[in-house]
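Given next are the chains, with one letter for each unit.
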Amino acid sequence: MKKSIVITILLVYVASIVIVGFFGMAVKVYDEVKYVQSITMSVESANDESYTWEDISQPNSIHKYYLEIDFSKAEEGMVEDKDGNVINTKYLGFTFIPQITYMSGDVEAENKIIYSMDSDDKKKQEKGYFTLNEYGVFTAFYAPFTIIIYVNPQDVNRASINAPAEIIVYCG
């Protein structure tokens, strides 16, 4: 090989290293795996006197909360019932606010959770005692009733044993 060919190959090699180093190659993780350590909850309502919220968790266990609703403070207005119809009735509305803590220490307030109930509580929902949507909006229409709402991460396989939360709701 001639000297000029070897020098040209070396120059192209060095130039490519300089160009790639200057512009860089960014690597992004698009499907980052985050493991849920715990879910803590809070609640908001338009009428703060209509409820009491208490954290009844035990150390080293899942988070448990007690929501006691005073239905005598219900207001009357137009709301959407379980069938999606807009009706004029007495109701109390609440919003559950999750806070997800990951094993890495990151904290998010996004709604990457699932609200569920056992079959008896779902029957009460079907009868129209209350509504609960996937965003954590809870509306009580009648009293008295007691239910337990289970709060789980969307991906249970990426959660610790103590990650889920329970909300015991008493409406009286």
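Residues numbered from 1 in each chain as written. Predicted model: local features only at pLDDT ≥ 70, side-chain atom pairs only at ≥ 80, totals over all residues. Heavy atoms only, no water.

(A) The overall build of the chain, seen in detail. Looking only at helices and strands, the chain features two helices and eleven strands. Secondary structure elements of the chain, listed N to C terminal, follow the sequence α-β-β-β-β-β-β-β-α-β-β-β-β. Relative to a compact globule of 172 residues, whose C-alpha radius of gyration would be 16 Å, the chain shows 27 Å and is clearly more extended. Each of the three principal axes of the chain carries a C-alpha extent, and together these read 95 × 40 × 30 Å. Expressed as a percentage of the 172 residues in the chain, the buried residues total 31%. The contacts in the chain between residues at least 6 apart in sequence include a share of 57% that link residues at least 24 apart. A total of about 11300 Å² of accessible surface is found on the chain, and carbon and sulfur atoms cover 55% of it. For the chain, the distance from the average position of its 14 positive side-chain charges to the average position of its 24 negative side-chain charges is 13 Å. (Helix = DSSP H or I, 4+ residues; strand = E, 2+ residues; numbered from the N terminus. Rg over C-alpha atoms; globule rule 2.2 N^0.38 Å. Buried < 20%, exposed > 50% of the residue type's maximum accessible area, 1.4 Å probe, protein only. Contact = heavy atoms within 4.5 Å. Areas by Shrake-Rupley, 256 points an atom, 1.4 Å probe, with all protein chains shown as cover. Lys, Arg positive; Asp, Glu negative; His and termini not counted. Charge placed at Lys NZ, Arg CZ, Asp CG, Glu CD.)

(B) Spatial organisation of the packing of aromatic side chains. Taken as a whole, this structure holds ten aromatic pairs when the rule is applied. With centroids separated by 6.4 Å and ring planes inclined at 45 degrees, the aromatic side chains of Phe94 and Phe138 adopt a geometry described as tilted. A residue pair is termed long-range when its members are at least 10 positions apart, and Phe94 in strand 5 (residues 86–102) and Phe138 in strand 9 (residues 137–140) qualify at 44 residues. Through pairs of rings, three or more aromatic residues link up here, namely Tyr51, Trp53, Tyr65, Phe94, Phe96, Tyr115, Tyr129, Phe130, Phe138, Tyr142 and Phe145. (Phe/Tyr/Trp six-rings, centres within 6.5 Å; stacked < 30°, edge-to-face > 60°.)

(C) Expanded view of the layout of surface pockets. By volume, the second largest pocket is sized at about 190 Å³. Every residue along the wall of the second largest pocket is listed here: Val79, Glu80, Asp81, Tyr91, Gly93, Thr131, Leu132, Asn133, Val137 and Thr139. For the lining of the second largest pocket, the residue count by class is four nonpolar, four polar and two charged. (1 Å grid on protein atoms, 1.4 Å probe; cavity = no way out; pocket = protein on both sides within 12 Å on 5 of 7 lines; lining within 4 Å. Points joined across faces, edges and corners; volume = space filled by probe spheres on them. Nonpolar A, V, L, I, M, F, W, Y, C, P; charged D, E, K, R; others polar.)

(D) View of the nonpolar core. One finds Met41, Phe96, Phe138, Ile149 and Ile167 to be the most contacted residues of the largest nonpolar core, which totals 31 residues. The set of elements that each furnish at least two residues to this core consists of strand 1 (36–45), strand 3 (63–69), strand 5, strand 7 (113–116), strand 8 (130–132), strand 9, strand 10 (145–153) and strand 11 (165–171). Looking at this core element by element, the count peaks at five residues for strand 5. (Core = buried A, V, L, I, M, F, W, Y, C linked by side-chain atoms within 4.5 Å.)

(E) Spatial organisation of the sheet that holds strand 11. Spatially, 2-3-11-10-7 is the arrangement adopted by the five strands of the open sheet, whose pairing is mixed. Two strands lie at the open edges of the sheet, namely strand 2 (51–55) and strand 7, each paired on one side alone. Between one strand and the next, the sheet's axes are offset by a mean angle of 20 degrees, whatever the strand orientation. Pairing of strand 7 with strand 10 involves four bridges; the strand directions are antiparallel. Considered in strand 10, the bridge of Tyr115 is made with Val151. (Pairing = 2+ DSSP bridges. Axes fitted to C-alpha atoms, helices over the stretch in contact; angles between N-to-C directions.)

(F) Up close: the side chain of Asp121. Relative to the helices and strands, Asp121 is located in helix 2 (residues 119–126). Beyond its immediate sequence surroundings of up to four residues, Asp121 is in contact with Phe130, Thr146, Ile147 and Ile148.

(G) Spatial organisation of the pattern of salt bridges. Considering all chains together, one arrives at three salt bridges under this definition. When the shortest N-O distance is used, the salt bridge between Lys64 and Glu166 registers 3.9 Å. Remark: Glu166 occurs in strand 11 and Lys64 occurs in strand 3; sequence separation between them is 102 residues. According to the relative accessible area criterion, Lys64 is partly exposed, its value standing at 33%. A salt bridge links Asp70 to Lys73, with the shortest nitrogen-to-oxygen separation between them at 3.5 Å. (Salt bridge = Lys/Arg side-chain N within 4 Å of Asp/Glu carboxyl O.)

(H) A look at a nonpolar patch on the surface. Taken together, the side chains of Tyr13, Val14, Ile17 and Val18 make up a nonpolar region of the molecular surface, amounting to roughly 400 Å² of accessible area. Position of Ile17 among the secondary structure elements: in helix 1 (residues 3–23). (Patch = residues over 30% accessible without salt bridge, like charges linked within 9 Å, V, L, I, M, F, W, Y side chains within 5 Å.)

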